[in-house]
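Structure at a glance
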Amino acid sequence: MTPSAPIWADAAAPSYTRWPGANVKADVAVVGGGLTGLSAAYHLLLRRPGARVVVLEAERLGFGASSRNTGMLGPGVGQSVITLVQRRGHAEARALYRATLGAVGDAARLIEREGIDCDLAMTGQLVVARSRASRVRLARQADLLESFEVPVERLEDGALQAALRLGARAGGEPADGPAALRLPVAGTLHPGRLVAGLAERVARRGGILYEGARVRHIGTGRPARLELSGGGDVIADDVVIATAGYSPGLGLFRGRILPVHLQVLVSKPLTPAARAILGWQRREGVLDARRVFSYFRLTRDDRIVFGGGAPRYLWAGRLDDSGRGADNALRRLANELSRTFPADARVEVESGWTGVIGYVADALPAIERLRGHPAVVHVVGWCGHGVALSLASGAWVTHILCEGAVPEDLPWFRDRLPWIPFEPVRWLSFRAAVGTMELMDQLS
Ligand SMILES: Cc1cc2nc3c(=O)[nH]c(=O)nc-3n(C[C@H](O)[C@H](O)[C@H](O)COP(=O)(O)OP(=O)(O)OC[C@H]3O[C@@H](n4cnc5c(N)ncnc54)[C@H](O)[C@@H]3O)c2cc1C
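First, a word on what this report is: a plain description of the structure on this page. What you see is a predicted model; the values in this text were computed from it and never measured.

1. Some points on empty space enclosed by the protein
Gaps left between atoms show up when a probe the size of a water molecule is rolled over them. All chains considered together, the criterion is met by 3 cavities of 30 Å³ or more. The space that makes up the second largest cavity amounts to roughly 40 Å³. Lining the second largest cavity, in full, are Pro 75, Tyr 97, Leu 101, Leu 145, Val 150, Pro 151, Leu 183, Pro 184 and Val 185. Of the residues that constitute the lining of the second largest cavity, the class distribution is 9 nonpolar, no polar and no charged.

Here it is as structure tokens:
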């Protein structure tokens, strides 16, 4: 299956000014016009009305992951709470998870306060077990979430069946663990409308949004000089880097942020008969509890948007994802979709697309001043879990810029990211990690 444009593109932000190739002065220059960059610009303008804030977007606003995701707003970072506790210890994992839950609330409040029409529905989220091992993992996750004192509900088979009917399971008994968890503080939204709405709020507050503004070099001084492809410079007192998986292309975080490709399918609108078969009255976002997992939600017009399958790192961090790799990934995801829903619901795939995230080896973001660049703050590495975090992060960046310190003692406020040395080590280690997780899912 050949990738096509995301369905959210119908609501893409209106065009903003093309980069004029001139010399521009700014108080703050934000590099990257996705949710992270727009949120930084929005929060800075709230805090410092009248400041000259310039957003520099290489392509068009929302070109990256921000308008290619599945639109699931939920807590957590790019790893399960079990792994998080193993890696960081209970106290840090608790603080981080609770901060992500706070980010969900902050994101929802921002959307509401600004009246952004992006179909936000706080539906809650289901995490479903499709095997015995997944039930065991869900039981452990529920124990940990309860120990973090965050809301979680265990669903037994009957309760899950009443919420959503899925295809046949690969095994497991109630004694192994719950059939699903319900996380109440979560929702779904329309990513394209969110980007468009946030961009409009930034422009309304006096932010200047440039498209076709590709930064190719950032100077080390303060103020910093940013050189743009096609001519012209921006001189800015402060710079925010919000280029996610594209950061290595800017010469930043090579081997520390891996551009990783993900894939998404969208179904044809479900018939009323199919909706009746599936149930899904509360229209929750759903994740499956495997290590290499799928995640899916309904749109307002009853299509299923279905993401997941094996994440892909291309040789040397290549960004261009056209070709057989993407086609095969979408085909494999279509097979997963047909296994996920009952055959009698006849869920039919209409199209699919791919997108790039910034992945860090320890699956945690990095928000801090950039070493050797006193004017620059970076906000990168959401590891596929960035809708809530990117929207909330503008407040944290604003705090760093205005107060000169990070707002809280959390392990994602850091200027050091783990490094994976050059090719072929990066390519091989990523493939080995994903392959091992797939094997563990199959064996358990
Ligand atoms: C397929 C897919 C599904 C996902 N599903 C979910 C989900 O359901 N829930 C969830 O929480 N997260 C999800 N995510 C992750 C989420 O979309 C991202 O974490 C979030 O959008 C990151 O936003 P961002 O602004 O940091 O990055 P991006 O949206 O990628 O924005 C970076 C921007 O920087 C620009 N840029 C790059 N280089 C330069 C340069 N040199 N000069 C100027 N501009 C530049 C790019 O053009 C791009 O627009 C998903 C991601 C993908 C790809």
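2. As for the pairing of strand β3 (residues 53–56)
The side chains of a regular strand alternate between the sheet's two faces. Along β3, one buried face is formed by Val 53 and Val 55 and the opposite face, lined by Val 54 and Leu 56, is buried too. Relative to β3, strand β2 (residues 24–31) runs parallel, the two being bridged by 4 bridges. Across the sheet, the residue bridging to Val 28 is Val 53, located in β3. Taking the sense of rotation as the criterion, the β-α-β connection linking β2, helix α1 (residues 35–47) and β3 turns out right-handed. Bridge analysis of β3 against strand β9 (residues 208–211) gives 3 bridges, and the strand direction is parallel. Each residue of the ladder has a partner; that of Val 54, found in β9, is Ile 208.

3. Structural notes on the site of the ligand
Taken together, 37 residues lie around the ligand, and Thr 36, Glu 57, Ser 66, Thr 70 and Met 72 are the ones closest in. Taking Ser 66, its side chain carries an N or O atom lying 2.6 Å from an oxygen atom of the ligand. At 3.2 Å, a backbone N or O of Gly 386 approaches a nitrogen atom of the ligand. Contact with the protein chains removes 97% of the 1,000 Å² of surface that the ligand exposes when unbound. Of all the secondary structure elements, the ones that give two or more residues to the shell around the ligand are α1, β13 (258–267) and β18 (349–359). The residue inventory of the shell around the ligand, partitioned by class, reads 20 nonpolar, 14 polar and 3 charged.

4. A few points about the environment of Arg 140
Looking at the secondary structure, you find Arg 140 in helix α4 (residues 132–147). For Arg 140, a relative accessible area of 41% translates into the label partly exposed. Each C-alpha atom of the pair Arg 140 and Val 81 lies 9.1 Å from the other, and the pair is 59 residues apart in sequence.

5. Brief notes about the packing of aromatic side chains
For any two aromatic rings, the description comes down to two numbers: the centre-to-centre distance and the angle of the planes. This model, assessed by the stated rule, comprises 16 aromatic pairs. Summarising the aromatic geometry, the rings of Tyr 359 and Phe 430 are spaced 6.1 Å apart at their centres and angled 80° between planes, so their arrangement reads as edge-to-face. Of the two residues, Tyr 359 sits in strand β18 while Phe 430 sits in helix α10 (residues 425–443), which places them 71 residues apart along the sequence. Classification of Tyr 359 as partly exposed rests on a relative accessible area of 23%. Measuring from centroid to centroid gives 6.2 Å for Trp 396 and Phe 413, while their planes differ by 80°, and the two rings are edge-to-face. Of the two residues, Trp 396 is situated in helix α9 (residues 387–403) and Phe 413 in the loop between α9 and α10; the sequence distance between them amounts to 17 residues. One aromatic cluster is present, formed by Trp 280, Phe 296, Phe 306 and Phe 341 through successive ring pairs. Directly above the aromatic system of Phe 63 lies the positively charged group of Arg 68, at a separation of 5.3 Å from the ring centroid.

6. Description of helix α2 (residues 81–88)
For α2, the full list of buried residues reads Val 81, Ile 82, Leu 84 and Val 85. Summarising the axial view, the buried residues of α2 lie within an arc of 165°, below the 170-degree limit, and thus occupy one face. Elements in contact with the buried residues of α2: α3 (90–114) and α4. Once α2 finishes, Gly 89 follows within two positions and takes phi at roughly 85°, a positive value.

7. A word on the pairing of strand β11 (residues 224–228)
Side-chain alternation along β11 places Ala 224, Leu 226 and Leu 228 on a buried face and Arg 225 and Glu 227 on a face that remains uncovered. As paired elements, strand β10 (residues 215–218) and β11 share 3 bridges and run antiparallel to each other. Opposite Ile 218, over in β11, you have Leu 226 as the bridge partner. Summarising the sheet, β11 and strand β12 (residues 233–241) pair through 4 bridges and their orientation is antiparallel. Pairing of Ala 224 across the sheet is with Ala 236, part of β12. Connecting β11 to the next strand, β12, in antiparallel fashion are 4 residues, including Gly 230 with a positive phi near 85°.

8. A word on the layout of surface pockets
Here the second largest pocket defines a volume of roughly 660 Å³. In terms of lining residues, the second largest pocket is bounded by 25 residues, among which Arg 290, Val 292, Glu 336, Arg 339 and Gln 442 are the most central. Mapped by element, the contributors of at least two residues to the lining of the second largest pocket are α8 (324–340) and α10. Sort the elements by how many residues they give to the lining of the second largest pocket and α8 lands first, with 7 residues. The residue inventory of the lining of the second largest pocket, partitioned by class, reads 7 nonpolar, 9 polar and 9 charged.

9. Things to note about the nonpolar core
Core analysis: the biggest nonpolar cluster contains 82 residues, and Trp 396 and Trp 412 have the highest contact counts within it. The greatest single-element share of this core, amounting to 10 residues, is contributed by α3. Residues contacting Trp 396, with those up to four places away along its chain left out, are Ala 103, Ile 367, Trp 382, Leu 389, Pro 407, Trp 412 and Phe 413. With 30 residues, the next largest nonpolar core counts Trp 19, Ala 29, Ile 218 and Val 360 among its residues.

10. Focus: the pattern of salt bridges
Note on pairing: side chains with opposite charge can pair once their charged atoms come close. Across all of its chains, the model carries 33 salt bridges by this definition. Linking Arg 300 and Asp 119 is a salt bridge whose minimum nitrogen-to-oxygen distance equals 3.2 Å. Pair noted here: Arg 300 is in the loop between β15 (294–298) and β16 (304–308) and Asp 119 is in the loop between α3 and β5 (125–128), with a separation of 181 residues, a long-range link. What makes Arg 300 exposed here is its relative accessible area of 61%. Through salt bridges with shared partners, a single ionic network connects Glu 114, Glu 200, Arg 201, Arg 204 and Arg 205.

Thresholds, definitions, all that
- Residues numbered from 1 in each chain as written.
- Predicted model: local features only at pLDDT ≥ 70, side-chain atom pairs only at ≥ 80, totals over all residues.
- Heavy atoms only, no water.
- 1 Å grid on protein atoms, 1.4 Å probe; cavity = no way out; pocket = protein on both sides within 12 Å on 5 of 7 lines; lining within 4 Å.
- Points joined across faces, edges and corners; volume = space filled by probe spheres on them.
- Nonpolar A, V, L, I, M, F, W, Y, C, P; charged D, E, K, R; others polar.
- Buried < 20%, exposed > 50% of the residue type's maximum accessible area, 1.4 Å probe, protein only.
- Helix = DSSP H or I, 4+ residues; strand = E, 2+ residues; numbered from the N terminus.
- Pairing = 2+ DSSP bridges.
- Right-handed = clockwise from strand over helix to strand, strands pointing away.
- Near = heavy atom within 4 Å.
- Polar contact = N/O pair within 3.5 Å; in protein donor to acceptor, adjacent residues only side chain to side chain.
- Areas by Shrake-Rupley, 256 points an atom, 1.4 Å probe, with all protein chains shown as cover.
- Phe/Tyr/Trp six-rings, centres within 6.5 Å; stacked < 30°, edge-to-face > 60°.
- Lys NZ or Arg CZ within 6 Å of the ring centre and 35° of its normal.
- Arc of directions from axis to C-beta.
- Contact = heavy atoms within 4.5 Å.
- Core = buried A, V, L, I, M, F, W, Y, C linked by side-chain atoms within 4.5 Å.
- Salt bridge = Lys/Arg side-chain N within 4 Å of Asp/Glu carboxyl O.

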